[in-house]
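Understanding the architecture of this molecule
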Amino acid sequence: MSETAIPTLPPPRRALWPAFLRKGKAKRRSVQGIKASGFEGQLLPLLLLTPQLLILLLFFFIPAVRGLAQAFLLQDPFGQEVHFVGLENIMALLRSAEYHESLRLSVLFTIATTVLTFSVALVLAFATDRVTRGRTTYRAVLLIPYAIAPAVAGFVWAFLFNPLVGPAATFLHSLGIAWDPNRNGDDAMLLVILTASWKHLCYNYIFLVAALAAVPRSVIEAAAVDGAGPLRRFAWITFPMIAPTVFFLIIMNTVYGLFETFAIIDATTQGGPAAATSILVYKVYVDGFINLDLGSSAAQSVLLMIFAVCLTVIQFRLIERRISYEVSQ
Amino acid sequence: MIERSPWLDRTCHAILIIAAVLTCIPLYYAVVAGSLTTEAAQKVPLPLVPGGAFLENADAVWNRIGFGRLLMNSLIVALGIAAGKLAISLLSAFAITYFRFRFRGAAFWLIFLSLMLPVEVRIVPTFEAMTDVLMPLRILVQWSGISWLVEAMTGWRLEISANWSLLNSYSGLIFPLMASATATFLFRQFFLTIPDELCDAARIDGASPLRFFWSILLPLSRPNLAALGIIFFLFGWNQYLWPLLFTTEPTMTTVVVGIKQLVPHGDSIPAWNLTMNAAVLAMLPPVAVVLLLQRWFVKGLIESGK
């Protein structure tokens, strides 16, 4: 029935993740994920891997280690003096009210963006799955924001809601709402949440559309024969069947909200007014590159890295567990 | 459809149309504002239809921030990142799926680890590493005593004084973004689905590993290369934080970052016409890619997410 070829989801990758990420007992196989028929040789594979590993080493592992080291050092911004301060940087951070506020804002921002993008995308995906005419066009239009750089989206939205000339702001003013994201922190927060959601909606949408297309028709038809209406079928059959995609998207949205929104913040509000939208990734940048407080910035980096690693572990455990009703083709 | 329910269908259409309109309104207003003269752009409310000054504005943008140069930079960086990511991930995926070698597990792990830490969380240390790429080597030489050894034996003083900085260079914009665990895993996944008989046949015919890679694996991977290439092109084109940090010269930055110079701040004249004009110009290439190559783009998006 689908008129467009929506790619099907690839089969889950099992046995890829290491034992500690995998649920339950992992059989230790000496070699996994390798072709039964391969090539001999020790040197050639290393040579093939060299470019990747070299780049990882120079731009990934060395910086990460230096960041870790720096988190335990205190460097004054002008001189060359460096002292070892142990956990002092991190403790100072955990005590500071500013950091707490930034953390609170990040959590608020992430939850709001996640809920908004996911729920709207779910409604749109359901509608797309339901309609037959014009599906390709709807999908093409709804996917456009993916192509637009987060920063460019930020500039456009900053203009739309600019309190002096922005058309959206003019509209709000005509309704009697005193909209001013340059002075009111809540308005600014709302603005970045809307911008980030507009930008990320399409990502959720396309995954949900693909997941819905992969739900076997036979199950849906069986439910219809039993007298379940479209909404009921969606709530009780389709939605549970796409649960893996739902979990995947919630994790991806969290990662997006926490780590990938620097450009949107910088382009719309620059963390302001009065740090009202200075979420964690933005604060790292401000402290490191504008306030030149390298110790504190590095300590923030370390905490962020810990968050990121935790999220990744959760992500893979979920993918591995894959609440699976075997949506197979 | 299973049953006829015209009301639900109509509601669905209505929802989708509203969503499509909401998606397009910001873009439409960007086009409108980008085509107004400076005076017209400050009117409240803003005109609803585009003005006639789009080309003049584009010309002003072109001259004011050297847009042509920035466009070229963006293109070089985006293509460089896409090509680089595909190349190194293909090679490493080939190595870890088709060879049984000593450090296979370790290599796999190193690549896997890099998946965990996005750029944003380690910007400061990475920035420092970028401005002084050889620093680790220097420390190594100092600490390992090689320098002392060489000095004692030959009387020379070995000093790695080269200060190789990637600041303001294309390599600085491209290389750090090139490592890709996602692409490596994807190609690995794909290679695992290729029948073993192909490799056996190639070996019987006496093909070397590289020959097999070039003549069999690469042609088979073409659809995946196209799909992922689009995603990585968009990724490269839309980068913001890296170019913002690593370019201090305005001529070396990219289009997306260049727009920042045109944003009216604080109490200056609120003329967004040039900003929006530049924004429209900056979004044209990636939007064209997404619309024209829709099928490949969707394939790449879904595969790279999994």
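See above for the structure.
These numbers come from a predicted model, not from an experiment.

1. Description of the packing of aromatic side chains
Within this structure, the stated rule accounts for 32 aromatic pairs over all chains. On the basis of an interplanar angle of 45° and a centroid distance of 6.4 Å, the ring pair of F39 of chain A and Y98 of chain B is categorised as tilted. Residue F39 of chain A is found in the segment before α1 (43-70), and its partner Y98 of chain B is found in helix α3 (residues 67-98); the two belong to separate chains. Grouping residues by exposure puts F39 of chain A and Y98 of chain B together as buried. Three or more aromatic residues joined by ring pairs form one cluster here, namely F39 of chain A together with F94, Y98, F99, F187, F190, F191, F212 and F213 of chain B. One residue, R10 of chain B, lies across the ring of W7 of chain B, its end atom 5.2 Å from the ring centre. Of note, R295 of chain B hangs over the ring of W296 of chain B, and the distance from its end group to the ring centre comes to 4.9 Å.

2. Quick notes on the environment of G172 of chain B
For G172 of chain B, the location among the structural elements is in helix α8 (residues 170-174). Along the backbone, G172 of chain B and T131 of chain B are 41 residues apart, and their C-alpha atoms lie at a distance of 9.0 Å.

3. Concerning helix α12 (residues 280-290) of chain A
Residues spaced three or four apart along an α-helix point in a common direction, a consequence of the helix completing one turn every 3.6 residues. All names here are of chain A. In terms of residue burial, α12 counts as a mostly covered element, since nine of its eleven residues are buried. All of the buried residues along α12 are L280, V281, Y282, K283, V284, Y285, V286, D287 and G288. Within two residues after α12, L292 carries a phi angle of roughly 55°, on the positive side.

4. What about the nonpolar core?
Nonpolar side chains in soluble globular proteins generally cluster together in the buried interior. One finds V152 of chain A together with F94, Y98, F191 and F297 of chain B to be the most contacted residues of the largest nonpolar core, which totals 197 residues. The element that contributes the greatest number of residues to this core is helix α7 (residues 185-214) of chain A, accounting for 17 residues. Once residues within four sequence positions are removed from consideration, Y98 of chain B is found in contact with K35, S37, G38 and F39 of chain A together with F191, I194, C199, F212 and L217 of chain B.

5. Points about the interface of chain A and chain B
Each partner contributes residues to the interface: chain A has 110 residues there, and chain B has 120 residues. Interface area, chain A with chain B, both sides summed: about 10900 Å², of which 76% is carbon and sulfur. Our enumeration of links across chain A and chain B arrives at two salt bridges. The closest approach of N and O atoms between D9 of chain B and R130 of chain A, which form a salt bridge, is 2.9 Å. Viewed at the interface, chain B and chain A are joined by 13 residue pairs in polar contact (both at pLDDT 80 or more). With 19 residues, the single largest contributor to the side of chain A that touches chain B is α1 of chain A. Residue composition of the side of chain A that touches chain B, by class: 79 nonpolar, 18 polar and 13 charged.

Rules used in this analysis
- Residues numbered from 1 in each chain as written.
- Chains lettered and ligands numbered in written order.
- Predicted model: local features only at pLDDT ≥ 70, side-chain atom pairs only at ≥ 80, totals over all residues.
- Heavy atoms only, no water.
- Phe/Tyr/Trp six-rings, centres within 6.5 Å; stacked < 30°, edge-to-face > 60°.
- Helix = DSSP H or I, 4+ residues; strand = E, 2+ residues; numbered from the N terminus.
- Buried < 20%, exposed > 50% of the residue type's maximum accessible area, 1.4 Å probe, protein only.
- Lys NZ or Arg CZ within 6 Å of the ring centre and 35° of its normal.
- Core = buried A, V, L, I, M, F, W, Y, C linked by side-chain atoms within 4.5 Å.
- Contact = heavy atoms within 4.5 Å.
- Buried area = accessible area lost by both parts, 1.4 Å probe.
- Salt bridge = Lys/Arg side-chain N within 4 Å of Asp/Glu carboxyl O.
- Polar contact = N/O pair within 3.5 Å; in protein donor to acceptor, adjacent residues only side chain to side chain.
- Nonpolar A, V, L, I, M, F, W, Y, C, P; charged D, E, K, R; others polar.

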